[in-house]
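Listed below are the residues making up each chain.
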Amino acid sequence: MERTFLMVKPDGVQRGLIGRIVSRFEDKGFKLVSGKLVLATEEQAKRHYAEHEGKSFFGELVDFITSGPVFAMVWEGDDVIALSRLVIGKTKVTEALPGTIRGDFAAHTPFNLIHGSDSPESAEREIANFFEQDELLGYQKTI
Ligand code: CMP
């Protein structure tokens, strides 16, 4: 069973899209393991986007992510990392297909509503950046 870190960005929170975004992953059959509204610190945002440090948009990206609350989540399921990125859609909104979250709701590239981990290593690092281990809840039984 795999886990991933998903985060509704400030644009998605302010547009009132948390519920509809969460529904997409519930509909797909994934399990929500944790979720909380967080005002990310500058340090947390820089750690989260460390791979983009040095790129022209890094400062703008950190400012954007810290501009308001984000809804940080951990989800689990088989192949949840790759499958959730398909549900999310491409980073560039001009390439995000209808039926994906970004394809259906996002119109400007930096403001693409949601982040999803791209590998097991990123997922582990990103989860640890936003959650304590005891905040991750397991499922004893399948209902
Ligand atoms: P995300 O999937 O969170 O990963 C990195 C983020 O950087 C991306 O979504 C966008 O929000 C942002 N991003 C990527 N490319 C650009 C760009 N060219 N200009 C501004 N922001 C970008």
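What counts as what
- Residues numbered from 1 in each chain as written.
- Predicted model: local features only at pLDDT ≥ 70, side-chain atom pairs only at ≥ 80, totals over all residues.
- Heavy atoms only, no water.
- Pairing = 2+ DSSP bridges.
- Helix = DSSP H or I, 4+ residues; strand = E, 2+ residues; numbered from the N terminus.
- Axes fitted to C-alpha atoms, helices over the stretch in contact; angles between N-to-C directions.
- Contact = heavy atoms within 4.5 Å.
- Near = heavy atom within 4 Å.
- Polar contact = N/O pair within 3.5 Å; in protein donor to acceptor, adjacent residues only side chain to side chain.
- Areas by Shrake-Rupley, 256 points an atom, 1.4 Å probe, with all protein chains shown as cover.
- Nonpolar A, V, L, I, M, F, W, Y, C, P; charged D, E, K, R; others polar.
- Patch = residues over 30% accessible without salt bridge, like charges linked within 9 Å, V, L, I, M, F, W, Y side chains within 5 Å.
- Salt bridge = Lys/Arg side-chain N within 4 Å of Asp/Glu carboxyl O.
- Lys, Arg positive; Asp, Glu negative; His and termini not counted.
- Charge placed at Lys NZ, Arg CZ, Asp CG, Glu CD.
- Buried < 20%, exposed > 50% of the residue type's maximum accessible area, 1.4 Å probe, protein only.

Visitor: When you look at the sheet that holds strand 1 (residues 2-8) in this model, what are you seeing that I'm missing?
Guide: Strand pairing in a sheet relies on backbone hydrogen bonds. The paired strands run either parallel or antiparallel. Strands sit in the order 2-3-1-4 across an open sheet of four strands; the sheet is antiparallel. Looking at strand neighbours, the two that pair on one side only are strand 2 (31-38) and strand 4 (114-116), the edges of this open sheet. Sheet twist, expressed as the mean angle between neighbouring strand axes with direction ignored, is 15°. In the sheet, strand 1 pairs with strand 4 via three bridges, with the strands oriented antiparallel. What sits directly across from Val8, in strand 4, is Ile114. Taken strand by strand, helix 7 (residues 120-130) contacts strand 1, strand 2, strand 3 (70-77) and strand 4, and its axis lies near 55° from that of strand 1.

Visitor: Just to check I follow, could you spell out the site of the ligand for this structure?
Guide: Close to the ligand lie Lys9, Tyr49, His52, Phe57, Leu61, Thr91, Arg102, Pro110, Asn112 and His115. Taking Tyr49, its side chain carries an N or O atom lying 2.6 Å from an oxygen atom of the ligand. In this structure, an oxygen atom belonging to the ligand sits 3.1 Å away from a side-chain N or O atom of Arg102. Taking 460 Å² as the accessible area of the ligand by itself, protein coverage stands at 78%. Class assignment of the residues belonging to the shell around the ligand gives a composition of four nonpolar, four polar and two charged.

Visitor: Hey, could you run me through a negative patch on the surface in this one?
Guide: Together, Glu51, Asp118, Glu121 and Glu124 make up a negatively charged patch on the protein surface. Along the polypeptide, Glu124 turns up in helix 7. Taking the relative accessible area as the measure of exposure, Glu124 reaches 62% and is therefore exposed.

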